[in-house]
Amino acid sequence: MGALVTLDLPDDSPMLDLPWIITFGPLGDVDEWEPVVCGPYERPHALALAEAVVAEEQFIAVVEPLVPAVSVEQIRGEIAAAQLAAEDEAVEVDQADLYGDFEDVVDEELVTEADQPAGPLPAPSEAELRAGFRRLAARLPGATT
C-alpha cells in the first residue's frame, strides 16, 4: 500500500472548488522515475483516483489544488506565499524543543479501526470524470457558459 498526501481543509474553504491535480511518484528511494501528474479533477474524483492507485502500489500520491492564475502578478503572489509558508515552517522546526513539537500529530493509539476507512473509495467512471471536467471548465476564469 502506498501513501496519499493532501491538504486538510475546512468544509467552507474556497479551495475545495478549484481544480485538483494528482502527482504520483515513487514512495521510497529504491525506485527512481519521473513523477506523473494527472488532472485536473474535482477534489472528490482526485482523491478517489489517488486512493485506487496507491491502494495496490508502493507509490505516493499528492493531491493538491491547481490555482488557475490569470496574470504574472498573481503567479508571483502565489510563489511569494509558498516561500513565506516554507520560511514559517522552517522557523517552527527550529523552535521545536529537543523532543519535537507534536501538536499536529495524532496519537496513533487514539485512532481506532472505526476511524480508518474500510478501503479505497471506488474510482469514478470515465463518464463521471468527463462530467467533472465540464463543471471545472465552467468555473475557470474567462469561461463562457
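Worth saying up front: this structure is predicted, and the values here are computed from it rather than measured.

The next point concerns the overall build of the protein. From N to C terminus, the protein includes three helices and four strands. Within the span of the protein, comprising 145 residues, buried residues form 19% of the whole. Within the protein, counting contacts between residues at least 6 apart in sequence, those at least 24 apart form 70% of the total. Of the roughly 10,900 Å² of accessible surface on the protein, a fraction of 56% belongs to carbon and sulfur atoms.

Next up on the list: helix α1 (residues 43-54). End to end, α1 covers 16 Å across 12 residues, agreeing with the expected 16 Å (1.5 Å per residue, within 8%). Of the residues making up α1, those classed as buried are R43, H45, A46, L47, A48, L49, A50 and V54. On the buried face of α1, the contacting elements are β1 (3-6), β2 (20-26), β3 (36-41), β4 (59-65) and α3 (126-139).

Another point: the nonpolar core. In this structure, W20, I22, F24, Y41, A46, L47, L49, A50, V54, A61, V63 and L129 together form the largest nonpolar core, which totals 12 residues. Of all the secondary-structure elements, those providing two or more residues to this core are β2, α1 and β4. When residues in this core are grouped by element, the largest group, five residues, is from α1. Discounting residues that sit within four places of it in the chain, F24 has contacts with W33, P35, V36, C38, A50, V53, I60 and A61.

With that settled, the discussion passes to the packing of aromatic side chains. One pass over the structure, following the stated rule, counts two aromatic pairs. Measuring from ring centre to ring centre gives 5.3 Å for W33 and F59, while their planes differ by 75°; the resulting arrangement is edge-to-face. A residue pair is termed long-range when its members are at least 10 positions apart, and W33 in the loop between β2 and β3 and F59 in strand β4 qualify at 26 residues. On the basis of relative accessibility, which here comes to 31%, the residue W33 falls in the partly exposed class. Judged by its relative accessible area of 22%, F59 is partly exposed. When the ring centre of W20 is taken as reference, the NZ or CZ atom of R43 above it lies at 4.9 Å.

Take the pattern of salt bridges next. For the structure shown, the criterion picks out three salt bridges. Across the pair R135 and E42 runs a salt bridge whose closest N-O atoms are separated by 2.5 Å. Taken as a pair, R135 in helix α3 and E42 in the loop between β3 and α1 lie far apart in primary sequence, 93 residues in all. Judged by relative accessible area, which is 14%, E42 ranks as buried. Within this structure, E42, R135 and R139 form a network of salt bridges that share partners.

With that settled, consider the side chain of H45. If you trace the backbone, H45 turns up in helix α1. Under the relative-accessibility criterion, H45 is labelled buried at 13%. In this structure, H45 is in contact with P124, E128, L129, G132 and R135, ignoring residues within four places of it in sequence.

Quick notes on the rules
Residues numbered from 1 in each chain as written. Predicted model: local features only at pLDDT ≥ 70, side-chain atom pairs only at ≥ 80, totals over all residues. Heavy atoms only, no water. Helix = DSSP H or I, 4+ residues; strand = E, 2+ residues; numbered from the N terminus. Buried < 20%, exposed > 50% of the residue type's maximum accessible area, 1.4 Å probe, protein only. Contact = heavy atoms within 4.5 Å. Areas by Shrake-Rupley, 256 points an atom, 1.4 Å probe, with all protein chains shown as cover. Expected span 1.5 Å × (residues − 1). Core = buried A, V, L, I, M, F, W, Y, C linked by side-chain atoms within 4.5 Å. Phe/Tyr/Trp six-rings, centres within 6.5 Å; stacked < 30°, edge-to-face > 60°. Lys NZ or Arg CZ within 6 Å of the ring centre and 35° of its normal. Salt bridge = Lys/Arg side-chain N within 4 Å of Asp/Glu carboxyl O.

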